Amino acid sequence: MSAAYFITGTDTDVGKTTIAAGLLHAARLAGLSTAAGKPVASGCEVTPKGLRNADALALLAQCSLPLTYAEVNPVAFEPAIAPHLAAREAGIALTVQSLLTPMRHILDKQADFTLIEGAGGWRVPLADQDNLSDLAMALDLPVILVVGVRLGCINHALLTAEAIARDGLQLAGWVANIIEPKTSRLEENLATLAERLPAPCLGRVPKLKLVTAETVAEHLQLDLLD
């Protein structure tokens, strides 16, 4: 087995990295080798080793292959702002081409299970007319969608699924990350998502008291992926 996916979300702060780390951990529990990439990250901390992003570090911790931080997250910005704005302020040309080579480097390692995680939602701008979705298209990867379950998530999820299909990519699966458990008519909302999204639900992740890759993995089913 050598499978790779691009993981995106219905919005920012919907738990993409939480779910990605859980998927990677589930793969490791299944005896698979793992690798991951976070091509661009904003909101990084200044450390003696350079800029470090908490999401990228969480992904790196679940990679069984020996990867460096720079391999996983080649472009890092300190301000917690949209990547294209952070790149403009830093004087960096952030394009699909600049991210394509390092992410192909990750994919070329041929781990059994690889995830490339986007930033924010599907249509996050890079520079000029480039979007992060263009990177997913250039890599030609099937997509896993993290749905942050709260009021309004159905619209966000369906629009994202439509955009993924319009871009010519396969929606391989989706995960319901229940970030607002008191959402009115929660079960009915989840049923609607299951009926309308053209891919299997890989799991429902409840609001957890202890959020770790291990606890998230308990709620995910990798075997539903093609």
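The structure presented is a predicted model; accordingly, all values stated were derived computationally and were not measured.

(A) View of the UniProt feature "binding site: substrate" (unreviewed entry) in the protein. Here, the residues flagged by UniProt with the feature "binding site: substrate" (unreviewed entry) are Ser42. Here serine 42 lies in the loop between strand S3 (40-41) and strand S4 (45-47). Discounting residues that sit within four places of it in the chain, serine 42 has contacts with Asn53, Phe77, Pro79, Ala80, Ile81, Ala82, Pro83 and Ala86.

(B) Representation of the pattern of salt bridges within the structure. Enumeration over the complete set of coordinates arrives at five salt bridges. Where aspartate 167 meets arginine 123, a salt bridge forms, and the shortest distance between an N and an O atom there is 2.8 Å. One end of the pair, aspartate 167, is in the loop between helix H7 (153-166) and strand S9 (171-177); the other, arginine 123, is in the loop between strand S7 (113-117) and helix H6 (132-139), and 44 residues separate them in sequence. Among the residues examined, aspartate 167 registers a relative accessible area of 17% and is labelled buried. We note a salt bridge from arginine 204 to glutamate 187, for which the minimum N-O separation is 3.0 Å. Of this pair, arginine 204 sits in strand S10 (residues 201-205) while glutamate 187 sits in helix H8 (residues 186-196), and the two are 17 residues apart along the sequence. Owing to a relative accessible area of 44%, glutamate 187 belongs among the partly exposed residues under this scheme.

(C) Inspection of the sheet that holds strand S2 (residues 34-37) at higher detail. Across the sheet, which stays open at both edges, the six strands sit in the order S2-S7-S1-S8-S9-S10 with parallel pairing between neighbours. Since the sheet does not close on itself, it has two edges, and those belong to S2 and S10, each with one partner. The mean angle between the axes of side-by-side strands here comes to 20°, regardless of whether they run parallel or antiparallel. Here S2 runs beside S7; their pairing, made up of four bridges, is parallel. The residue of S7 that forms the bridge with alanine 36 is leucine 115. Where helix H5 (residues 96-107) meets the sheet, its contacts fall on strand S1 (3-9), S2 and S7, and the angle it forms with S7 comes to roughly 160°.

(D) Broad picture of the layout of surface pockets. One number sums up the size of the largest pocket: a volume of about 380 Å³. Of all the secondary structure elements, the ones that give two or more residues to the lining of the largest pocket are helix H1 (16-29) and S3. Tallying contributions element by element places H1 first for the lining of the largest pocket, with three residues. Tallied by class, the residues present in the lining of the largest pocket amount to nine nonpolar, eight polar and five charged. Estimated volume of the second largest pocket: approximately 180 Å³. For the second largest pocket, the lining is made up of 13 residues, of which Thr18, Asn177, Ile179, Lys207 and Val211 are closest to its centre.

(E) Examining the packing of aromatic side chains more closely. Scanning the model with the defined rule gives two aromatic pairs in all. Here tyrosine 5 and phenylalanine 113 contribute two aromatic rings whose centre-to-centre distance is 5.9 Å and whose plane-to-plane angle is 45°, an arrangement assigned as tilted. One end of the pair, tyrosine 5, is in strand S1; the other, phenylalanine 113, is in strand S7, with 108 residues separating them in the sequence. Each member of the pair, tyrosine 5 together with phenylalanine 113, is buried. Relative to tryptophan 122, the ring of phenylalanine 6 lies with its centre 5.9 Å away and its plane at 90°, an arrangement referred to as edge-to-face.

Rules used throughout
Residues numbered from 1 in each chain as written. Predicted model: local features only at pLDDT ≥ 70, side-chain atom pairs only at ≥ 80, totals over all residues. Heavy atoms only, no water. UniProt positions renumbered as here; feature names shortened; annotations may be inferred. Helix = DSSP H or I, 4+ residues; strand = E, 2+ residues; numbered from the N terminus. Contact = heavy atoms within 4.5 Å. Salt bridge = Lys/Arg side-chain N within 4 Å of Asp/Glu carboxyl O. Buried < 20%, exposed > 50% of the residue type's maximum accessible area, 1.4 Å probe, protein only. Pairing = 2+ DSSP bridges. Axes fitted to C-alpha atoms, helices over the stretch in contact; angles between N-to-C directions. 1 Å grid on protein atoms, 1.4 Å probe; cavity = no way out; pocket = protein on both sides within 12 Å on 5 of 7 lines; lining within 4 Å. Points joined across faces, edges and corners; volume = space filled by probe spheres on them. Nonpolar A, V, L, I, M, F, W, Y, C, P; charged D, E, K, R; others polar. Phe/Tyr/Trp six-rings, centres within 6.5 Å; stacked < 30°, edge-to-face > 60°.

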